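Structural characterization, general
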Amino acid sequence: MSQEVMDGIRRSTLIIVGLTLLDKILALGKEMLFAYRFGVSRDLDVFNVAYAFPAILAMLLGQAVISALVPLYMTWRERGPGELTRNLANLGSAAILFFLVLTVACAFWSEPIMAVIGYGFPEEEKALGESLVRLLVWLIFLEGGAAVLAGVLQADKSFAALYGAQLCINLAIIAALTFFGDMGVHALAMGFLIGTGVKVLVMAVVLRGARFPLRPPRPPVTPCLREFFLLAWPLVLGGLVVNSNILVDQVMSTELPSGSVSALRYAYRINDLPLQLFVVAAAKAIFPFVSEQAEARDALGMRRVFWRGVLFLCMVSAGMTAFVLIFSTEIVTLLLRRGAFDDQAVASTALTLSWYAAGMVFASYAVLNGVFFTALRKNVTLMIVGAITMVCNAFFNLWFIRTIGGPEAVAMSTTVTVALTCAIFVAIIQRALGVFHDPPRLWPFLQVAGGALLAAGLAVAARAGLARLGIPALWAFPMAALMFGAAFLGSLSLSRDTEIRWCLGMVLPWGRDRP
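Residues numbered from 1 in each chain as written. Predicted model: local features only at pLDDT ≥ 70, side-chain atom pairs only at ≥ 80, totals over all residues. Heavy atoms only, no water.

Per the secondary structure count, the protein chain includes 20 helices and zero strands. At 23 Å, the protein chain has a C-alpha radius of gyration in line with the 24 Å of a compact globule built from 515 residues. Principal axes of the C-alpha set define a box for the protein chain whose edges measure 75 × 60 × 40 Å. Sorting the 515 residues of the protein chain into buried and exposed places 56% on the buried side. Split by element, the accessible area of the protein chain, about 21,300 Å² in all, is 68% carbon and sulfur. (Helix = DSSP H or I, 4+ residues; strand = E, 2+ residues; numbered from the N terminus. Rg over C-alpha atoms; globule rule 2.2 N^0.38 Å. Buried < 20%, exposed > 50% of the residue type's maximum accessible area, 1.4 Å probe, protein only. Areas by Shrake-Rupley, 256 points an atom, 1.4 Å probe, with all protein chains shown as cover.)

At their nearest, the axes of helix H15 (residues 360-375) and helix H17 (residues 407-433) sit 9 Å apart, and the two run at 35° to each other. At the point where H15 passes H17, the crossing takes the left-handed sense. For the pair formed by H15 and H17, the contact residues are Phe362, Ala363, Tyr365, Ala366, Asn369, Phe372 and Phe373 on the first element and Thr415, Val418, Ala419, Cys422, Phe425, Val426, Ile428, Ile429 and Leu433 on the second. Residues that form the contact of H15 with H17 fall into these classes: 14 nonpolar, two polar and no charged. (Axes fitted to C-alpha atoms, helices over the stretch in contact; angles between N-to-C directions. Left-handed = near helix turned anticlockwise from the far one by under 90°. Contact = heavy atoms within 4.5 Å. Nonpolar A, V, L, I, M, F, W, Y, C, P; charged D, E, K, R; others polar.)

With that settled, the discussion passes to unusual backbone geometry. For arginine 297, which is not a glycine, the phi torsion comes out positive at approximately 60°. Of note in the backbone geometry, arginine 377 takes a positive phi value of approximately 65° without being a glycine. According to the relative accessible area criterion, arginine 377 is partly exposed, its value standing at 34%.

In this section: the pattern of salt bridges. In the structure shown here, the tally under the stated rule is 11 salt bridges. By sharing partners, the salt bridges in this structure join Arg77, Lys157 and Glu292 into a single network. (Salt bridge = Lys/Arg side-chain N within 4 Å of Asp/Glu carboxyl O.)

This part is about the environment of phenylalanine 312. One can find phenylalanine 312 in helix H13 (residues 299-336). Residue phenylalanine 312 is classed as buried on the basis of its relative accessible area, which comes to 2%. In this structure the C-alpha to C-alpha distance between phenylalanine 312 and alanine 358, which are 46 residues apart in sequence, comes to 17 Å. Among all residues touching phenylalanine 312, those that are not within four sequence positions of it are Phe278, Ala282, Cys503, Met506 and Val507.

Between its first and last C-alpha, H13 extends only 47 Å over 38 residues, short of the 56 Å set by a 1.5 Å rise per residue. The largest bend in H13 is about 80°, located at phenylalanine 327. (Expected span 1.5 Å × (residues − 1). Bend = angle between axes of the 7 residues up to and from the residue.)

This brings us to the environment of isoleucine 384. Along the chain, isoleucine 384 turns up in helix H16 (residues 379-403). When the C-alpha atoms of isoleucine 384 and lysine 157 are compared, they prove to be 30 Å apart, with 227 residues separating the residues in sequence.

Contact geometry for helix H1 (residues 3-38) and H13: axes closest at 16 Å, N-to-C directions at 20°. Overall, the two elements H1 and H13 adopt an arrangement that is roughly parallel. As H1 packs across H13, the resulting crossing turns out to be right-handed. Between H1, through Met6, Ile9, Leu28, Glu31, Met32 and Ala35, and H13, the contact on the second element is made entirely by Val305, Arg308, Leu335 and Leu336. (Parallel < 35°, antiparallel > 145°, perpendicular 65-115°, else oblique.)

As for its position among the elements, arginine 377 is in the loop between H15 and H16. The sequence separation of arginine 377 and alanine 464 amounts to 87 residues, and the corresponding C-alpha distance is 51 Å. Among residues more than four places away in sequence, those in contact with arginine 377 are Pro71, Leu72, Thr75, Leu231 and Glu295. Here proline 71 takes part through its backbone oxygen, which lies 3.2 Å from a polar atom of the side chain of arginine 377. (Polar contact = N/O pair within 3.5 Å; in protein donor to acceptor, adjacent residues only side chain to side chain.)

On to the nonpolar core. Phe47, Leu132, Leu188, Phe306, Ile331, Phe372 and Phe484 are the most contacted members of the largest nonpolar core, which totals 170 residues. With 24 residues, the top contributor of residues to this core is helix H2 (residues 42-79). In this view, isoleucine 331 contacts Ile270, Phe323, Val324, Leu353 and Phe477; residues no more than four positions away in its chain are not counted. (Core = buried A, V, L, I, M, F, W, Y, C linked by side-chain atoms within 4.5 Å.)

Quick look at the packing of aromatic side chains now. One pass over the full model with this rule turns up 24 aromatic pairs. Between tryptophan 399 and phenylalanine 400, the ring centres sit 5.4 Å apart and the planes meet at 15°, which makes this aromatic pair stacked. Overall, tryptophan 399 belongs to the partly exposed group, its relative accessible area being 45%. Members of the aromatic cluster, connected to one another through ring pairs, are Phe306, Trp307, Tyr365, Phe372 and Phe436. Sitting over the face of the ring of phenylalanine 289, lysine 157 holds its NZ or CZ atom 4.9 Å from the ring centroid. For the cation-ring pair, arginine 308 lies above tryptophan 502, with the distance from its terminal atom to the ring centre recorded as 5.1 Å. (Phe/Tyr/Trp six-rings, centres within 6.5 Å; stacked < 30°, edge-to-face > 60°. Lys NZ or Arg CZ within 6 Å of the ring centre and 35° of its normal.)

Further remarks concern helix H9 (residues 167-180). Spanning 14 residues, H9 covers 20 Å between terminal C-alpha atoms, matching the ideal 20 Å at 1.5 Å per step. Looking at H9, one finds that the buried residues are Leu167, Cys168, Ile169, Asn170, Ala172, Ile173, Ala176 and Leu177. The inward-facing, buried residues of H9 contact H1, helix H6 (138-145), helix H8 (159-165) and helix H10 (185-206).

For the rest of this paragraph, the subject is a nonpolar patch on the surface. Nonpolar side chains collect at one region of the surface, where Phe229, Leu230, Trp233, Leu237, Val380, Ile384 and Ile388 lie side by side and expose about 640 Å² of accessible area between them. For the nonpolar patch, the secondary-structure elements that each account for two or more residues are helix H11 (222-253) and H16. Sort the elements by how many residues they give to the nonpolar patch and H11 lands first, with four residues. (Patch = residues over 30% accessible without salt bridge, like charges linked within 9 Å, V, L, I, M, F, W, Y side chains within 5 Å.)

Turning to the confidence of the model for the protein chain, a few remarks are in order. Residues with a pLDDT of 70 or more make up 95% of the protein chain, whose mean pLDDT is 87. Across the protein chain, helix H18 (residues 443-468) holds the top mean pLDDT of 94, while H11 sits lowest at 79. (pLDDT = per-residue confidence, 0-100.)

The next subject is the state of the cysteines. Counting across every chain of the model gives zero disulfides. Left unpaired, cysteine 314 is separated from the closest cysteine sulfur, that of cysteine 503, by 9.3 Å. Left unpaired, cysteine 422 is separated from the closest cysteine sulfur, that of cysteine 314, by 11 Å. (Disulfide = S-S within 2.5 Å.)

Right under this line is the structure:
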């Protein structure tokens, strides 16, 4: 593995982690504002369901565009700047037209859409949902139309511009709730639309000129669109079934008691924070590098990056899973316990969060595996596995909702489903890349497990000791959490293992050591 590739992945991950951390801080502020203004009210349930449809569709199609474009960008760049410029112009024009037509169609069919996704709501709440869907479907045009811009920024490794633009969305939502909160959930819709529009504008300004040709299509148009379509359609279908699990979870949760959809969403958002901040950030940093390795047919280099990525995600997952399982109630209380968010909402959300956290390592591996399959252009395989995942998720949702009940049943279903999916992925990645031909050393993984166990034991002991001293739980939480973090990071920082130190260097500038 060349030092240039490793240093590039490390630098890129640090940039993405830094900007994603800032974005997640804004997102937590937004969630706290949600909790204060809406609690787990039925109006917020309606908004969450209405938002899920366009958000998932925009994310699904946008991510398919980006994932297909990055490997193609490498190929087109090798053919020369003229072909790269022409193909990007043609693809950008086609994407804008497609997403505009799709958005108008969804706006026209907003009533039947809400009737399907909100089938468990009364008629009055369905009417509110229809008005929200009619507004929020424009996210499909904004996010989808900007996906080509985002793909070029990622392929060009311009991560500062790409993730800096993302900050606009949460800033706009916070502003909308602050100044137009009396509009209720419609203020949320306005914030999402304005923030997404500003994000698109920022990316367009960064890519103006030679880096991205904002001009009409240039012939020949068909060849580049054919290349793109052959890569994109399996990603769309595979992503549809995988990302639809979020929508399926929320739709099936409408059968649960009032507030279940919101509790599920709060728990999902909190659990998603470390995944987005570290695992997804690292995966997105790795993607253009392994795409270049795949274009150069460097299988050995890809296997080494794969195992280093697995070690990194295990480090993140071990620490965060242990932390959340110990402190789930304190986390939810600290972040959300105010206004309309009462003790019952805290208990329900904390239990749901714990079940999501139990599957963090599996969710992390699924993200990393998807990056390598996309770089290898094994997109049909991802589509097939996605279909299996959707069927399993629906089955376990139905089973656990009927036997256990509550939003935690849906989180439990997600964890079981992702675990089974990862077992399939491990078998397939071996066939595709032969990762076990160069197996990793066991010692770094044992150090990570030992550090997590040590930190958990010390944190539990510290919390119990502080409780005996009569210190309230919320006052003891920061001290016990500090003990956990110091023990986990401290034990790993003391390691002389070069792989451990490189993984620390992915998120801590002072943790770097040359491999």
